[in-house]
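If you want the building blocks of each chain, they are given just below.
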Amino acid sequence: MILVGPGGVFVIDVKNWRSPPSALDGRLHAGSEDRHQEIIKLRAITSRVQDELAILDMAPAVVASVMVFANQSVEQCVGTVFLRGVKEIAPWLAALPRRLTTPQVGRVAVHLAGKFPAYDTPDLVERPVRVDGSDPQQQAPSLFDVDAIARAEQQSVLARPIESWMTYLHPDQLAIVRRRWNGPARISGAAGTGKTVVGLHRAVWLAQRTVGKILYVTFVKNLPRVQAQLLARLSPAVADRVEFCSLHAWARSLLDQRGVHLRVDLAAVGNCFSRAWLHVGRSSVLAELEPNPTYWQDEITYVIKGRGFTELGQYLTATRPGRRTALRRVHREAAWQLYLEYERLRAERGVHDFTDVLTEAVAVLRDPAARPRYAAVIADEVQDLTLVGVRLLHQLVGDAPNGLLLIGDGQQAVYPGGFRLSDAGIDIRGGRAEVLRVNYRNAADILTAALQTLDGQPFDDIDGTVVTTGPAVETAYRDGRVIRVDAATANEHDQAFLAAVRQLAGDSSDDRRLGDAAVLCARKKDVVYYQRLLTRAGIPNSNLEDYDGQATGELKVGTFLRSKGLEFKHVFLPHHDRDVRKAQTGSLTETDRLALAKRQLFVGMTRARDVLWIGAVPDAKLPRPRTGQEAAAVPDSPPLGSR
Ligand SMILES: Nc1ncnc2c1ncn2[C@@H]1O[C@H](COP(=O)(O)OP(=O)(O)OP(=O)(O)O)[C@@H](O)[C@H]1O
């Protein structure tokens, strides 16, 4: 039976077993008898229904398999199949959040009725008879608990409605979700084109067709929580089959399980770098090229260690994707000396940085027996991983069909440096590079303003090409606006900012408008500053680091980096251009600093769906560029891979 309702489409198989159903080792049993074949048959029909619904652009996640048991009380899952007793089924269906409107239910039902014609059944006239002659209609217990269904319906009404993308996809998105690749694949596309949406649907599709776990990793540490929430709403049946984790957390847990304990201490490694700079960096040719040691710290993190170089020869001949400042041989030799000194001091202190965690995990996984088994690995925001990180993921599934999926957009790379997939031995040729082109998130004015910030600057793509033109992207039409405030002083700027936030909150008790808004800043210290300012003004706010995707009434405050992959109806960017202006130091590495600051700002701007507020104090004097020595004492970018 196929049931279509507001909660989705359900392929239902009704069983009348004597023994209670149960799941043993992931297989369906009736008492002690293995009846898993029934699950396989049901899944096969579900898959046919999914194929038919793809014609209506409907995502596979909409279709669920359910086995209903007469005479049994059961509420559990076997793989992705729901088992429900006849008493449980109705309240369960009634409680589901609404996915389809009434007209959509009608369209889907008509379409499926045409594809799956009903069996002819003889007209049965049911005439229950009791031997004692009493009227069974009067005495039979009701099939459903009407109160329970009413309570469940109430629950459904209160539940957040399912977003449209959880049900319907663009034909290009849907085709990618269902594609069969014979090796690693990659999805790219400009901001807001639904890359993560496709990644989540793909995870569901894979989970429905495999038995192993799917690993879904990203670089940012708060994003996995949000993505896990989304997947649980998209397809509750597969929620425990998909493991969401940041790459570093995953690698650390792997090392812990294998008994390899590293002492990751960011303050200590930062100190090791500062000392290494004082010993061998600041008196070298490096300081002439760029006196701010942060640039060289990044060179070690993202280029030398991030790409896993172990010999000077490798570094001397390497191209440096993501960094355009030309380094001559003397500079590379000096950077290598700085790296060696840093490593010496680090080893002396017995501390490790984040890259060490990934490098060590790669070493552990060289032994195939040490590799955890995954049916597939999906990496989101892949442009922010280092080469070592991508190698680690590739080790887990190799070139298996549908094994590795890399999702990302080089234009949104927020860390310096980069890599090419070919350096990781990953080949995506042969129709395994997909591009998405419709932006669903940003109002057209917001996207235009964000692209103007980038000013057409080229960026290095992980496929090894340099992209020099803006992305070909259409916006799905939506109203929205960009509000620009140029203030004369910082105080005036902040007053305008607070007035805009207050206006958003209004005087109403509806705190949802604040809850779907964020204040994004380039630096952590600005986050602290704006949280204080908001708190003093009595505006409820919370740090984006603590956000897990659950709706709250608080205004979120965080850095551009923490906002990766997220989106809000309203976004405020106080002093939005400060880092871009600061990057224009006139130093020889200005191109790299400027490109990075612009990409980070671009990420912040493209988090806004409807309204983007951007403040600036155009005439503000910026602090003079620091000398190498001062900067060494106060690192101004994430220390050696802090996330
Ligand atoms: N088919 C769709 N129908 C309706 N909305 C969609 C669709 N696909 C995506 N969206 C909307 O676009 C938003 C952006 O999608 P998503 O976060 O997946 O984009 P992205 O390409 O990963 O973005 P970014 O790279 O900027 O983080 C989603 O939250 C969703 O609201």
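Predicted model, so just to flag it, every value in this text is computed and none were measured. (Residues numbered from 1 in each chain as written. Predicted model: local features only at pLDDT ≥ 70, side-chain atom pairs only at ≥ 80, totals over all residues. Heavy atoms only, no water.)

## A few points about the UniProt feature "binding site: ATP" (unreviewed entry) in the protein
For step 1, the next point in the chain: Per the UniProt annotation, the sites labelled "binding site: ATP" (unreviewed entry) are Gly189, Ala190, Ala191, Gly192, Thr193, Gly194, Lys195 and Thr196.
For step 2, the next point in the chain: Within the secondary structure, Thr193 sits in the loop between β9 (185-189) and α7 (195-209).
For step 3, the next point in the chain: Here Thr193 falls in the buried class, since its relative accessible area comes to 1%.
For step 4, the next point in the chain: Contact partners of Thr193, with chain neighbours within four places excluded, come to Gln173, Leu436, Arg437, Val438, Asn439 and Val473.
For step 5, the next point in the chain: A polar contact is formed between the side chain of Thr193 and the backbone oxygen of Ala190, at a distance of 2.7 Å.
For step 6, the next point in the chain: Residue position: Thr196 is located in helix α7.
For step 7, the next point in the chain: Apart from the residues within four sequence positions on either side, Thr196 is in contact with Tyr216, Gln227 and Asp380. (UniProt positions renumbered as here; feature names shortened; annotations may be inferred. Helix = DSSP H or I, 4+ residues; strand = E, 2+ residues; numbered from the N terminus. Buried < 20%, exposed > 50% of the residue type's maximum accessible area, 1.4 Å probe, protein only. Contact = heavy atoms within 4.5 Å. Polar contact = N/O pair within 3.5 Å; in protein donor to acceptor, adjacent residues only side chain to side chain.)

## Brief notes about unusual backbone geometry
For step 1, the next point in the chain: Despite not being glycine, Asn402 has its phi angle at roughly 55 degrees, a positive value.
For step 2, the next point in the chain: Note on placement: Asn402 falls in the loop between α16 (387-397) and β13 (404-407).
For step 3, the next point in the chain: Under the relative-accessibility criterion, Asn402 is labelled buried at 18%.
For step 4, the next point in the chain: Even without glycine at this site, His575 takes up a positive phi of about 45 degrees.
For step 5, the next point in the chain: Among the secondary structure elements, His575 is positioned in the loop between β23 (568-573) and α21 (578-582).

## Focus on the sheet that holds strand β22 (residues 555-559)
For step 1, the next point in the chain: Strand order in this open sheet of 6 strands is β19-β24-β23-β20-β22-β21, and the pairing throughout is parallel. Here the strands that pair on one side only, and so sit at the sheet edges, are β19 (481-486) and β21 (541-543). Pairs of neighbouring strands in the sheet enclose a mean axial angle of 20 degrees, with direction left out of account.
For step 2, the next point in the chain: Where helix α20 (residues 524-536) meets the sheet, it contacts β20 (517-521), β21 and β22, and its direction lies at approximately 160 degrees from that of β22. (Pairing = 2+ DSSP bridges. Axes fitted to C-alpha atoms, helices over the stretch in contact; angles between N-to-C directions.)

## Brief notes about the pattern of salt bridges
For step 1, the next point in the chain: Tallying each qualifying case throughout the model produces 33 salt bridges.
For step 2, the next point in the chain: The closest approach of N and O atoms between Arg344 and Glu348, which form a salt bridge, is 3.0 Å. Note that Arg344 and Glu348 are positioned in helix α14 (residues 329-349) at a spacing of 4 residues, about one turn of the helix. (Salt bridge = Lys/Arg side-chain N within 4 Å of Asp/Glu carboxyl O.)

## Regarding the site of the ligand
For step 1, the next point in the chain: Taken together, 21 residues surround the ligand, and among them Gln173, Lys195, Val197, Arg441 and Glu567 come closest.
For step 2, the next point in the chain: One of the side-chain nitrogen or oxygen atoms of Gln173 is found 2.7 Å away from a nitrogen atom of the ligand.
For step 3, the next point in the chain: Contact between the ligand and Thr193: an oxygen atom at 3.1 Å from a main-chain N or O atom of the residue.
For step 4, the next point in the chain: Bound to the protein, the ligand loses 89% of the 630 Å² it would expose on its own.
For step 5, the next point in the chain: Tallying contributions element by element places α7 first for the shell around the ligand, with 3 residues.
For step 6, the next point in the chain: Both of domain 2 (169-260 + 374-438) and domain 4 (480-626) provide at least three residues apiece to the shell around the ligand. (Near = heavy atom within 4 Å. Areas by Shrake-Rupley, 256 points an atom, 1.4 Å probe, with all protein chains shown as cover. Domains from an automatic or database assignment.)

## Re the confidence of the model for the protein
For step 1, the next point in the chain: This prediction gives the protein a mean pLDDT of 88; 89% of its residues lie at or above 70.
For step 2, the next point in the chain: The low-confidence segment residues 625-643, where pLDDT is below 50, has 47 contacts with residues more than four positions distant or belonging to other chains. (pLDDT = per-residue confidence, 0-100.)

## Concerning the packing of helix α1 (residues 36-54) against helix α3 (residues 102-115)
For step 1, the next point in the chain: The N-to-C vectors of α1 and α3 enclose an angle of 120 degrees; their axes lie 11 Å apart at closest approach. Comparing their axes, α3 and α1 come out oblique. As α1 packs across α3, the resulting crossing turns out to be right-handed. Contact with α1, carried on its side by Val49, Glu52 and Leu53, involves Val108, His111, Leu112 and Lys115 of α3 and no other residues of that element.
For step 2, the next point in the chain: Classifying every residue of the contact of α1 with α3 gives 4 nonpolar, 1 polar and 2 charged. (Parallel < 35°, antiparallel > 145°, perpendicular 65-115°, else oblique. Left-handed = near helix turned anticlockwise from the far one by under 90°. Nonpolar A, V, L, I, M, F, W, Y, C, P; charged D, E, K, R; others polar.)

## Here we look at helix α8 (residues 223-234)
Side chains of residues three or four places apart in an α-helix project in the same direction, reflecting 3.6 residues per turn.
For step 1, the next point in the chain: Given a rise of 1.5 Å per residue, 12 residues ought to cover 16 Å, and the 16 Å separating the end C-alpha atoms of α8 matches this to within 8%.
For step 2, the next point in the chain: All of the buried residues in α8 are Leu223, Pro224, Val226, Gln227, Leu231, Arg233 and Leu234.
For step 3, the next point in the chain: Against α7, β10 (214-218) and β11 (242-246) lie the buried residues of α8. (Expected span 1.5 Å × (residues − 1).)

## Concerning the side chain of Glu290
For step 1, the next point in the chain: Its location among the elements puts Glu290 in the loop between α11 (285-289) and α12 (293-305).
For step 2, the next point in the chain: Once residues lying within four places of it in the same chain are set aside, the contact partners of Glu290 are Trp277, Tyr295, Trp296, Ser587, Thr589 and Arg593.

## Considerations on the side chain of Lys15
For step 1, the next point in the chain: Mapped onto the elements of the fold, Lys15 is located in strand β2 (residues 8-15).
For step 2, the next point in the chain: Residue classification places Lys15 among the buried positions, given a relative accessible area of 12%.
For step 3, the next point in the chain: Side chain to side chain, Lys15 and Asp13 meet in a polar contact 3.0 Å long.
For step 4, the next point in the chain: Not counting residues up to four positions away in its chain, the partners in contact with Lys15 are Glu38, Met67, Val68, Phe69 and Ala70.

## Observations regarding the sheet that holds strand β5 (residues 33-34)
For step 1, the next point in the chain: Spatially, 3 strands are ordered β3-β4-β5 in an open sheet, and the strand pairing comes out antiparallel. The open sheet is flanked by β3 (21-24) and β5, the only strands paired with a single partner.
For step 2, the next point in the chain: Alignment of β3 against strand β4 (residues 27-30), held across 4 bridges, turns out to be antiparallel. Bridging from a neighbouring strand, Ser22 pairs with His29 of β4.

## A short note on the environment of Ser47
For step 1, the next point in the chain: For Ser47, the location among the structural elements is in helix α1.
For step 2, the next point in the chain: The spacing of Ser47 and Arg202 is 155 residues in sequence and 14 Å in space, taken between C-alpha atoms.

## A few points about a nonpolar patch on the surface
For step 1, the next point in the chain: Taken together, Met1, Leu3 and Val14 make up a surface patch of nonpolar side chains, about 280 Å² in accessible area.
For step 2, the next point in the chain: Along the polypeptide, Val14 turns up in strand β2. (Patch = residues over 30% accessible without salt bridge, like charges linked within 9 Å, V, L, I, M, F, W, Y side chains within 5 Å.)

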